[in-house]
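Spelled out from the first residue to the last, the chains are:
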Amino acid sequence: MGQVLTLLYHRINKIENDANFLAVSPEHFYEQMLWLKRNFNIVRFEDKWDRIEKNAVCITFDDGYMDNFDNALPILQQLQIPATIFISTKTINTQEEFWWDDLERNIYYGKSDRNPMFSLKDDFFSCTWKTDTFGEKENLYKTMHWLMRDKISLQKRNDWMRQLYEWNEWDEKGRKENITCQVKECLEKDLSLITIGAHTVHHPSLAALPKSIQKEEILKSKTMLEQQFKREIITFSYPFGTKHDYDEITVEICREAKFQKVAANYSGVWKTGDDTMQIPRNIVRDWDIDTYKKQIVKFWNM
Ligand SMILES: [Zn+2]
């Protein structure tokens, strides 16, 4: 029986300060897809994989950046490659950025005349950071990202973001290149190669949340995408997706929600008999084609 190597992309774009190394340039993406098309059977994420005879590759994207539809989709269409896009719904159809991008924008690209210190007011984490140099900004970004990922509640995350906005005295309109899925525009495109999957509302680390909130995050994103895209949503991916970011409760909720397949984020290859609620995926960086080929071989052998 064949095995399936699932690849995890986030965005196809050229980004100046890609703080989380999530972007692959359109040029590299084209080369990568062309090479895959010539060398592998490429399957859809939601297909039944038990009876695949030849080893196959599956393409997925997390988060739902608009560049998936603007930059990746034309390449996928040209090469006739199917892909799944897992969308986190809080910012869709708005001009806002995802919280980690918004954090980056507020820290690195704030108003030049703002206070060169940021003081966070919190009942537990109050702290003041200098923000003069790139290194100091980087330190603040990394600390805030680490805390916002799974150490504080969603309410706190919103409150801290509000404090950053006040510090910069600006509004919530994000940068154009970071815009997330605009459904009306997406629906004007041919989406026959694209499967839409859910990815929660606020992109939290689910394992850190009580069951009721986990359920709300998962089900609300599913329902919203179903209404927006007018199709059934049968796949999901865990935000961040490492084994620390979801737990048995999360898996149970996904089963109850009738997701046919769920994607995780740790390296590996899926083989017949493996859990379909925790499909391993392998993150792709902005690699040139030679590095990419070596990485794919490494992924197969992990
Ligand atoms: Zn994500």
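Residues numbered from 1 in each chain as written. Predicted model: local features only at pLDDT ≥ 70, side-chain atom pairs only at ≥ 80, totals over all residues.

## Some details on the overall build of the chain
Okay, step 1: A tally of helices and strands in the chain yields nine helices and 12 strands.
Okay, step 2: At 19 Å, the chain has a C-alpha radius of gyration in line with the 19 Å of a compact globule built from 302 residues.
Okay, step 3: Principal-axis analysis of the C-alpha atoms places the extent of the chain at approximately 60 × 40 × 40 Å.
Okay, step 4: Per-residue burial over the chain gives 37% buried out of 302 residues.
Okay, step 5: Residue pairs in contact within the chain that sit at least 24 positions apart in sequence constitute 72% of those at least 6 positions apart. (Helix = DSSP H or I, 4+ residues; strand = E, 2+ residues; numbered from the N terminus. Rg over C-alpha atoms; globule rule 2.2 N^0.38 Å. Buried ≥ 20, exposed ≤ 12 C-beta atoms within 10 Å, placed from the backbone. Contact = placed C-beta atoms within 7 Å.)

## Quick look at the pairing of strand 6 (residues 83-87)
Okay, step 1: With five of five residues buried, strand 6 is to be regarded as a mostly interior element.
Okay, step 2: On strand 6, burial covers both faces: Ala 83, Ile 85 and Ile 87 on one face and Thr 84 and Phe 86 on the other are all buried.

## Here's the deal with the pairing of strand 5 (residues 56-63)
Okay, step 1: Counting buried positions along strand 5 gives seven out of eight residues, so the element sits mostly inside the fold.
Okay, step 2: Both strand 1 (residues 4-9) and strand 5 contribute to a ladder of six bridges, which runs parallel. Considered in strand 5, the bridge of Val 4 is made with Ala 56.
Okay, step 3: As paired elements, strand 4 (residues 41-43) and strand 5 share three bridges and run parallel to each other. (Pairing = 2+ DSSP bridges.)

## With respect to the domain arrangement of the chain
Okay, step 1: We note that the domain assignment places domain 1 (4-94 + 178-300) and domain 2 (99-168) within the chain.
Okay, step 2: Domain 1 puts 10 residues into the contact, and the matching count from domain 2 is nine residues.
Okay, step 3: A class-by-class count of the residues in the side of domain 1 that touches domain 2 yields four nonpolar, six polar and no charged. (Domains from an automatic or database assignment. Nonpolar A, V, L, I, M, F, W, Y, C, P; charged D, E, K, R; others polar.)

## A closer look at the packing of helix 7 (residues 211-229) against helix 8 (residues 248-256)
Okay, step 1: For the pair helix 7 and helix 8, interaxial distance at closest approach is 10 Å and the crossing angle is 45°. The pairing of helix 7 with helix 8 is recorded here as oblique in orientation. As helix 7 runs across helix 8, the sense of the crossing is right-handed. The residues of helix 8 that touch helix 7, namely those facing Lys 211, Gln 214, Lys 215 and Ile 218, are Ile 249, Thr 250, Ile 253 and Cys 254. (Axes fitted to C-alpha atoms, helices over the stretch in contact; angles between N-to-C directions. Parallel < 35°, antiparallel > 145°, perpendicular 65-115°, else oblique. Left-handed = near helix turned anticlockwise from the far one by under 90°.)

## Side note on the packing of helix 3 (residues 99-108) against helix 4 (residues 134-150)
Okay, step 1: At a closest axis distance of 10 Å, the pairing of helix 3 and helix 4 adopts a crossing angle of 155°. Relative to helix 4, the element helix 3 lies roughly antiparallel. In this structure, the crossing between helix 3 and helix 4 has a hand that is right-handed. For the pair helix 3 and helix 4, contact is made by Trp 99, Trp 100, Leu 103, Glu 104, Ile 107 and Tyr 108 and by Lys 137, Leu 140, Tyr 141, Met 144, His 145 and Met 148, respectively.
Okay, step 2: Among the residues making up the contact of helix 3 with helix 4, the classes are represented as nine nonpolar, one polar and two charged.

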